[in-house]
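Commentary on secondary and tertiary structure
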Amino acid sequence: MAHGTALIYDEEMTKYKLLWVDPACKIEVPERLSVSYEALVRNGLADRCVSIPVREATDAEILLVHSDEYLEAVKKTPYMTLEDLKEFTLQFGDVYFHPNIYRCAKLAAGSALQLVDSVMMERVRNGMALVRPPGHHSMRSAASGFCVFNNVAIAARYAKQKYGVKRVLIVDWDIHHGQGVQYCFEDDPRGVFGKGRIIFGCLKCNILVFVLFIFNSVLYFSWHRYEHQKFWPQLRESDYDSVGKEKGAGFNINLPWNQVGMENSDYLSVFCHVLLPVAYEFCPDLVLVCAGFDSAIGDPEGEMCATPDIFAHLTHLLMNLAGGRLCAVLEGGYNLTSLPQSVCQTVQTLLGDPLPQLANLSGPCRSALESLQCLRSAQKQYWGSLKHTASPTAANISTKRIRIAEGEVEEEEKTELGEEEKNSEEKVWHEPPKRPCPPIRAASVLPDDVACPDGCKRITKDIHPLVVSRLKDHLVQEAEDGDALATFSTLVSLVQKMEKNEVGSGLALVGDVIKAMMCVVQHVSPDLNRVLVVCVGNGKIPSHISRDGKVLVLQISSDASEEQQSKHYISVCLQKGCCNTSGFMQAVLGLLLPVGYEYNPDLVVLVRMPDSGVCDVVWKQLTGLLQSFAKGHTLVLMQEKENSCVGPTASILLGDPAPPLETLQAPDREDVDAVERLRRRLQADWKLLQTTSEYTS
Ligand SMILES: COCC(O)(O)CCCCCNCCCN
Ligand SMILES: [Zn+2]
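Not measured: the values here are computed from a predicted model.

1. Let's talk about the domain arrangement of the protein
You can read the domains of the protein as domain 1 (5-424) and domain 2 (506-689). Each partner contributes to the interface: domain 1 provides 36 residues, whereas domain 2 provides 37 residues. Buried surface at the junction of domain 1 and domain 2, both sides included, amounts to about 3,000 Å², of which 59% is carbon and sulfur. The largest share of the area that domain 1 buries against domain 2 comes from Tyr 280, Gln 357 and His 388, three residues that together contribute 24% of it.

In structure tokens:
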């Protein structure tokens, strides 16, 4: 299991800048890189990373994406006069050249390749490259949008060629559409007749055996400010209906933001309802992130309102894919305050630190819902997880594009705010909270004969008189059984250690998981405002537990609970319970994550019911994803006889990435219906469950 986070940066990449007046390019300054690196140093994050040296990309590597003519032309720029550079620049859009930009562009692309090498050779688990010039706009034979070489596209091709990586997921959270990446891969083959086809002839039995490396492909996901094609680069093909061409169909996913001001809730709803379900189904071997931070609050380009700590969560949600192999490459980001904060949030998550709690989440705004619904319906024919998506009718989708197409609405000119108006709306936001690592990352409460996993700290059983007396009141029947009493009392003291951040997570083998859970829930201190209880497998959870909203129970099982569902008592009934991976993951991604984010608990109790039937990899994925909440304070309760689950659970609580699931089949129709029905019923209470705008009040 690879450990460590790579950081790639060299001040050489700060040594070029705009040499003439060009309002479109003046925001792309060298300080973007230096303030980001300095913030990592100042916060003690750079020292915790593995420093990997930069290198120049070779011609051959650059030619993986760019044409010979383009490369030869760029090679001439170091020797150009100022006038020649200006002249040369005119042929491209919103980009500038400089005598040193060719060298920096080779270093930027080379940095991305160094990152891929470090991850694929398992010298590190994941990493980030702080580079400029950025890359995602540059095309085969053209520079664009401050970009010269397409760093991430080159890295994807390089990973496939050098390491035989079959499936690469590119997530582009920069606020601009990386059209250069889209053009590069949009006809990338998908499925059985891709370029990866190899034919073996078996002469003896004279049978041609087609061995097809299916899914030899790159999946590109981008969200971007669009405003119905009003925002740069104003391309028709940046809209949600560009899904990829021929065999690449379904492997290009565009989420247009048709309004500014998008917030954390909008970003999370797109991850939960589009990107993650598709990404789990795709099952990538490597995740590349076009990590642009102009999608953060305060950025003059994005004009969005998502706070820097959102990137801690976006990063974490991707870290359980591809066995944790994640390479983040800097793209945009022009606010010199939110950019370094966002970079630090990203790197701190790559290092495995506890996540910050995201407060005040609500539902996506109407415009985001419209885009979400349009995208889900445009992609549903390609992805099982989206297959049963409700398709938008003009009635409930007022995306201007449809109305323009029907001639209803003439294009009113976008009132471009002058620079001064924009600046007058100076955004302010809180500095992201500190994310201190607890001295004990994971603790265990185990029977004496069960070994405590490495890295885990065993909590010796102790009996607190105070706790015991209160326990006796509530769980009288246990009074006789001293051992249960000791265990319960120890669990309560473990939770108290978690509240004080002395302990991150805990896991316990207990005689009766439901009683243990009840005891914990009833004895958490009043300071803990909300407890999320996730029950996996069949079993009766007393519904009075979720009184007054202090406790939210979400159970995934196969028994259709006659129990009255309520806002704080959610029972997801799946055909095959927890045995069907895709059904289970659909419930986790489409229901549990959104509700969990909106509920924002201070403690998560994960209960593995006896004979739940949940398989190890799914259990590990769930445990990893639940670390998103409550600053990672998760207490896992398992039945005494399930000793074999202790090691795998502990590894996730200690920060190991969950192993990838196989490429997911489409979930069963019944399971999709069950989740959809629940979503419809619950979205009045939990707005992050919304995926269609027809329900917005
Ligand atoms: C990969 O490059 C990162 C980026 O996507 O942020 C580049 C944005 C170019 C934006 C060009 N228009 C600027 C207009 C100024 N008001
Ligand atoms: Zn950008």
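Past the structure itself, the notes keep going.
2. Considerations on empty space enclosed by the protein
Regions of empty space are outlined by a rolling probe, equal in size to a water molecule, passed over the atoms. One pass over the structure, following the stated rule, counts six cavities of 30 Å³ or more. The space that makes up the largest cavity amounts to roughly 100 Å³. If you trace the largest cavity, you find 14 residues lining it, with Pro 277, Arg 376, Ser 385, Gln 586 and Arg 679 closest to the centre. Those elements that place two or more of their residues in the lining of the largest cavity are helix H8 (264-282), helix H17 (581-599) and helix H20 (669-682). Structurally, the lining of the largest cavity is a two-domain feature, drawing no fewer than three residues from each of domain 1 (5-424) and domain 2 (506-689). Estimated volume of the second largest cavity: approximately 70 Å³.

3. Quick look at unusual backbone geometry
At the junction of Arg 132 and Pro 133, the peptide bond is cis and its omega measures out at 5° in the coordinates. Locating Pro 133 in the fold gives a position in the loop between strand S3 (126-129) and helix H6 (151-163). Of note, the bond from Trp 232 into Pro 233 is cis; its omega dihedral lies within 30 degrees of zero at 5°. Tracing the backbone shows Pro 233 in the loop between strand S7 (217-225) and strand S8 (252-257). Backbone geometry at Gln 229 places phi at a positive 75°, although glycine is not the residue there. Along the chain, Gln 229 falls in the loop between S7 and S8. Given a relative accessible area of 29%, Gln 229 falls into the partly exposed group.

4. Side note on the packing of helix H15 (residues 482-499) against helix H16 (residues 513-523)
Geometry of a packed helix pair, given as the angle between the helix axes and the separation of the axes. Between H15 and H16, whose axes approach to 9 Å, the crossing angle comes to 45°. Judged by the inter-axis angle, H15 sits oblique to H16. Where H15 crosses over H16, the two elements pack in a sense that is right-handed. Along the contact surface, H15 presents Phe 488, Leu 491, Val 492 and Val 495, while H16 presents Lys 515, Ala 516, Cys 519, Val 520 and His 523. Classifying every residue of the contact of H15 with H16 by side-chain character gives seven nonpolar, one polar and one charged.

5. Some thoughts on the site of ligand 1
Taken together, 17 residues surround ligand 1, and among them Asp 94, His 136, His 137, Asp 294 and Tyr 334 come closest. Note that an oxygen atom of ligand 1 is positioned 3.2 Å from one of the side-chain N or O atoms of Asp 174. Taking Asp 294, its side chain carries an N or O atom lying 2.8 Å from an oxygen atom of ligand 1. Its free accessible area being 470 Å², ligand 1 has 89% of it covered by the protein chains. Tallied by class, the residues present in the shell around ligand 1 amount to six nonpolar, six polar and five charged.

6. Let's talk about the coordination of the zinc ion (ligand 2)
The protein atoms that coordinate the zinc ion (ligand 2) are Asp 174 (OD), Asp 174 (OD), His 176 (ND1) and Asp 294 (OD), at distances of 1.9 to 2.6 Å. Around the zinc ion (ligand 2) sit six donor atoms, and with donor-metal-donor angles ranging over 54 to 159° the site reads as irregular. Counting the intervening residues between successive donors of the zinc ion (ligand 2) yields the motif D-x1-H-x117-D. Taking relative accessible area as the criterion, Asp 174 reaches 1% and is therefore assigned buried. By relative accessible area, which is 5% here, His 176 ends up buried.

7. Here's the deal with the packing of aromatic side chains
Following the criterion strictly, the structure yields 23 aromatic pairs and no others. When the ring of Phe 88 is compared with that of Phe 97, the centres are 4.9 Å apart and the planes differ by 85°; the resulting orientation is edge-to-face. Using a relative accessible area of 10% as the deciding quantity, one classes Phe 88 as buried. Ring centres of Tyr 158 and Tyr 163 lie 6.5 Å apart, and the angle between their planes is 75°; this geometry places the pair in the edge-to-face category. Since its relative accessible area comes to 4%, Tyr 158 is described here as buried. Among the aromatic residues, those joined into a cluster by ring pairs are Tyr 70, Phe 88, Phe 92, Phe 97, Tyr 102 and Phe 149. One cation-aromatic arrangement involves Arg 132 over Tyr 16; the distance from NZ or CZ to the ring centre is 3.8 Å.

Basis of the calculations
- Residues numbered from 1 in each chain as written.
- Chains lettered and ligands numbered in written order.
- Predicted model: local features only at pLDDT ≥ 70, side-chain atom pairs only at ≥ 80, totals over all residues.
- Heavy atoms only, no water.
- Domains from an automatic or database assignment.
- Contact = heavy atoms within 4.5 Å.
- Buried area = accessible area lost by both parts, 1.4 Å probe.
- 1 Å grid on protein atoms, 1.4 Å probe; cavity = no way out; pocket = protein on both sides within 12 Å on 5 of 7 lines; lining within 4 Å.
- Points joined across faces, edges and corners; volume = space filled by probe spheres on them.
- Helix = DSSP H or I, 4+ residues; strand = E, 2+ residues; numbered from the N terminus.
- Buried < 20%, exposed > 50% of the residue type's maximum accessible area, 1.4 Å probe, protein only.
- Axes fitted to C-alpha atoms, helices over the stretch in contact; angles between N-to-C directions.
- Parallel < 35°, antiparallel > 145°, perpendicular 65-115°, else oblique.
- Left-handed = near helix turned anticlockwise from the far one by under 90°.
- Nonpolar A, V, L, I, M, F, W, Y, C, P; charged D, E, K, R; others polar.
- Near = heavy atom within 4 Å.
- Polar contact = N/O pair within 3.5 Å; in protein donor to acceptor, adjacent residues only side chain to side chain.
- Areas by Shrake-Rupley, 256 points an atom, 1.4 Å probe, with all protein chains shown as cover.
- Donors = N, O, S within 2.8 Å, 3.2 Å for Na, K, Ca; no water.
- Tetrahedral: all angles 85-135°; square planar, octahedral: opposite > 155°, others 65-115°.
- Phe/Tyr/Trp six-rings, centres within 6.5 Å; stacked < 30°, edge-to-face > 60°.
- Lys NZ or Arg CZ within 6 Å of the ring centre and 35° of its normal.

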